[in-house]
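This is what each chain is made of:
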Amino acid sequence: MTEPVVRTAAELLARLRAAGVGRGGSVALALVDGVGLGVAADGGRWSLAGPEPAAVVALLESEIRPRWVWWSQETPSALIAAGLRLATCWDLGAVHRLLFGGWRSGPSLVWAALHDLAEESIPGMGQLNLLSQGGDEGTDPEDPLRPDGHLRPEWVSGGWARDPERWARWAATALAASVCQRDRLAALRVAGDAGATARSESAVELLCAELAADGLPVDRRRAEDLLATLMGPRPRDESEASSLQRRRDDTVRSLLADGDGIDLRNPAQVKRMLVEIGVDVPDTRAWRLEALTGAHPVVPALLAWRKSERIATTYGYRWLDEHVGADGRLRGRWSSSDGAAGRMTAQAGLHNLPAELRPAVVAEPGHVLVRADLGQIEPRVLAAVSKDRALAGATADDDLYSPVAARLGVERPVAKVAVLAAMYGQTSGAAGEALRGLESAYPTAMRFLRKASEEGRAGRDVRTYGGRLVRIGALPPGLDENARRTVASGRGRFARNAVIQGAAAELFKVWAVTVRARAAALDARIVLCLHDELLLHVPAEHGGAAANLLHECLAGTARLWFHDAGVRFVADVSVIQQWSEAKS
């Protein structure tokens, strides 16, 4: 069959309209950057050759505004590079991670999972690939599907882009996959709306592509000055870099009588060093040493060294040169999901930028940063997903832990530790007695956590409120009873936290994409998503409006996402010039 090839963008628009595609209708897109595109809708599939496919997409976006369907973030990234921003999409990779868990989401895996084909049977390229034996002989290479139901590896690896006929077929294959995904989502039995989660996750992929393209504004000169203060001046060569490293090491070793031979990067040697000065600890983790800073001068010096060492090795001058462009923007790749409970992730250090370097994140002239940080999000999410009315009542307070403490008859710090311990699976220690109080004060919430823990202990996968699969996996065979209990206990703790952290990530992302859509009217853009924190870059005259918008979007998101849960979510919002001005 020869695919319909259209000659102009106007003709393609007319074909889509004739097929009944309107606002929000699904249109699958296969983009060959600078060459052409293929599209598919319920009424057909077409291809259009031309050097500016992004202009064609822009026309369809303005005239129809469909929900674009594509395999991965690569497609919107190419469109954004051409100056185009889209409103909505259906990202097959993002929805696959929601449905099936994990982080891998290439077309072959997406298709195989939807058609119940074993992952091990996915064919690969190469004449000696025994897994694909018998799958291709005597078949039509112009069909993206093999007789065994798998996608052809030659198409997946780029062969789909060979000619216009294939463009349209590849788009049609993506459209078919999206229909299968919608069917799967409709069949899920979860408390939330899995279809809405899929739309949100897809929109986050758009946001991720924009974050990667726009970058985080950084004052390069200030960053250089901060690095010089933290780790010394920029070395001229490797020899000088080694000399500076030894100088940093000597700030610690000089405090010891025979410290010259100690390798501070070797945990075993550091532990022996501490024992010799009378600091006997089971490990050398920072949180453990922070409580012992008065025991010996070497302890605070070691902690300070670790901070400067981390900055020197991860966030040093090379990092600055590689990731901050000439336009003063720090860029890295973003993903909508970490492959576990669904938090957003980023490369180039964007998700772990040390507090010492935050003064370098500065609004550009004529702009401000508007920062919003969700307050006590996980316990508030627990109240919402468990439908515990008593705990939901506590969320009316700006500080949820105060009414919880009053209900339990304990001090606020104890109440906070107890609530966090419940979500993270701690059952003993200082929180033990308060935890028993939680059982009677908030039985619905505690029952919800206990059920998730039991699923994890049994090795059964769990799903979040919005439908994300969090893989737990069966317990490994051959464990003795003690080992089995230890592993099961750890999986129980992981599961009970994952259902809360996952639901919190879902709420955060719905909030973020809502802000993304509405902030465009203010010419404001999100430049950072950090766990529970949003950072916007906004024209100075719109700073106050953007701050109000963040509050409005959060309230609307909570009502939409958790319906009648009666849970109040709060955010600390500030209009600032540099990131470090915000409260941590």
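Treat the numbers as computed from the prediction; the structure is a model and nothing was measured.

Basis of the calculations
- Residues numbered from 1 in each chain as written.
- Predicted model: local features only at pLDDT ≥ 70, side-chain atom pairs only at ≥ 80, totals over all residues.
- Heavy atoms only, no water.
- Pairing = 2+ DSSP bridges.
- Helix = DSSP H or I, 4+ residues; strand = E, 2+ residues; numbered from the N terminus.
- Axes fitted to C-alpha atoms, helices over the stretch in contact; angles between N-to-C directions.
- Disulfide = S-S within 2.5 Å.
- Buried < 20%, exposed > 50% of the residue type's maximum accessible area, 1.4 Å probe, protein only.
- Core = buried A, V, L, I, M, F, W, Y, C linked by side-chain atoms within 4.5 Å.
- Contact = heavy atoms within 4.5 Å.
- Polar contact = N/O pair within 3.5 Å; in protein donor to acceptor, adjacent residues only side chain to side chain.
- Phe/Tyr/Trp six-rings, centres within 6.5 Å; stacked < 30°, edge-to-face > 60°.
- Lys NZ or Arg CZ within 6 Å of the ring centre and 35° of its normal.
- Expected span 1.5 Å × (residues − 1).
- Parallel < 35°, antiparallel > 145°, perpendicular 65-115°, else oblique.
- Left-handed = near helix turned anticlockwise from the far one by under 90°.

S.K.: Is there a simple way to think about the sheet that holds strand β14 (residues 533–539) in this case?
M.R.: By way of backbone hydrogen bonds, the strands of a sheet pair with one another, either parallel or antiparallel. The antiparallel open sheet is built from four strands, whose spatial order is β13-β14-β10-β15. Of all strands in the sheet, those bounded by a partner on one side alone are β13 (525–530) and β15 (570–576). Each strand axis lies, on average, 20° off the axis of its neighbour in the sheet, ignoring direction. Two strands pair when backbone bridges link them, and strand β10 (residues 367–375) and β15 are joined in this way by seven bridges, in the antiparallel orientation. Each bridged residue has a counterpart across the sheet, and for Val 370 the counterpart in β15 is Val 575.

S.K.: For this particular structure, what's the right way to read the state of the cysteines?
M.R.: In protein structure, a disulfide is the covalent linkage between the sulfur atoms of two cysteines. Inspection of every chain in the model, using the stated rule, returns zero disulfides. Free cysteine Cys 89: the closest other cysteine sulfur is in Cys 208, separated by 10 Å. The buried category is assigned to Cys 89, whose relative accessible area is 1%. Not engaged in a disulfide, the cysteine Cys 208 finds its nearest cysteine sulfur in Cys 529; these two sulfurs lie 7.2 Å apart.

S.K.: Honestly, the nonpolar core in this entry has me stumped. Any pointers?
M.R.: Generally speaking, soluble globular proteins have nonpolar side chains that are buried together. Counting residues in each nonpolar core, the largest one holds 109 residues, and the members touching the most others are Val 404, Leu 438, Trp 511, Leu 534 and Leu 536. Counting residues per element, this core draws most heavily on helix α21 (residues 481–519), at 14 residues. When near neighbours in sequence (up to four residues on either side) are disregarded, Val 404 contacts Leu 391, Ala 394, Ala 415, Val 419, Leu 438 and Tyr 442. In this structure, Ala 30, Leu 98, Leu 99 and Ala 177 belong to the second largest nonpolar core, which totals 29 residues.

S.K.: I would appreciate a short explanation of the side chain of Arg 169 in the present structure.
M.R.: When you line up the elements, Arg 169 lands in helix α7 (residues 164–187). Polar side-chain contacts of Arg 169 include one of 2.4 Å to the backbone oxygen of Glu 142.

S.K.: Before we go on, may I ask you to explain the packing of aromatic side chains in this structure?
M.R.: Here the distance between the centres and the angle between the planes together describe a pair of aromatic rings. Tallying each qualifying case throughout the model produces seven aromatic pairs. The interplanar angle of 75° and the centroid separation of 5.1 Å between the aromatic rings of Tyr 315 and Trp 319 together place this pair among those described as edge-to-face. Accessibility classification places Tyr 315 together with Trp 319 in one group, the buried group. The rings of Trp 71, Trp 155, Trp 160 and Trp 170 are connected pair by pair, giving a single aromatic cluster. Taking the ring centre of Trp 90 as reference, the NZ or CZ of Arg 182 above it sits at 4.0 Å. Sitting over the face of the ring of Trp 579, Arg 358 holds its NZ or CZ atom 3.8 Å from the ring centroid.

S.K.: Help me understand helix α8 (residues 194–214), please; the structure alone is not making it clear to me.
M.R.: Within an α-helix, residues lying three or four positions from one another point in the same direction, as the helix has 3.6 residues per turn. Its 21 residues place the ends of α8 30 Å apart at the C-alpha level, agreeing with the 30 Å of an ideal helix rising 1.5 Å per residue. Here α8 starts with a cap whose side-chain oxygen sits 3.0 Å from the backbone nitrogen of Gly 195, and that cap is Asp 193. A positive backbone phi angle near 80° is found at Gly 215, which sits one or two residues after α8.

S.K.: What exactly am I supposed to notice about the packing of α21 against helix α22 (residues 543–562) here?
M.R.: A pair of packed helices is captured by two measures, namely the crossing angle of their axes and the spacing between those axes. Two elements in contact, α21 and α22, have axes whose closest approach is 9 Å; the angle formed by their N-to-C orientations is 130°. Classed by the angle they form, the pair α21 and α22 counts as oblique. Handedness of the crossing formed by α21 with α22: right-handed. Along the contact surface, α21 presents Glu 506, Leu 507, Val 510, Trp 511, Thr 514, Val 515, Arg 518 and Ala 519, while α22 presents Leu 549, Leu 550, Glu 552, Cys 553, Leu 554, Thr 557, Ala 558, Trp 561 and Phe 562.

S.K.: When you look at the environment of Ser 402 in this model, what are you seeing that I'm missing?
M.R.: Considering the arrangement of structural elements, one finds Ser 402 in helix α17 (residues 401–408). Accessibility expressed as a relative area gives 33% for Ser 402, which makes it partly exposed. Expressed as a C-alpha distance, the spacing of Ser 402 and Pro 413, which sit 11 residues apart in the sequence, is 9.0 Å.

S.K.: I'm lost on unusual backbone geometry in this one. Help?
M.R.: Negative phi characterises most residues that are not glycine, and trans characterises most peptide bonds. Here Asp 116, not a glycine, exhibits a phi torsion of approximately 55°, which is positive. Structurally, Asp 116 is set in the loop between α5 (107–114) and α6 (153–156). With relative accessibility at 64%, the residue Asp 116 sits in the exposed group.

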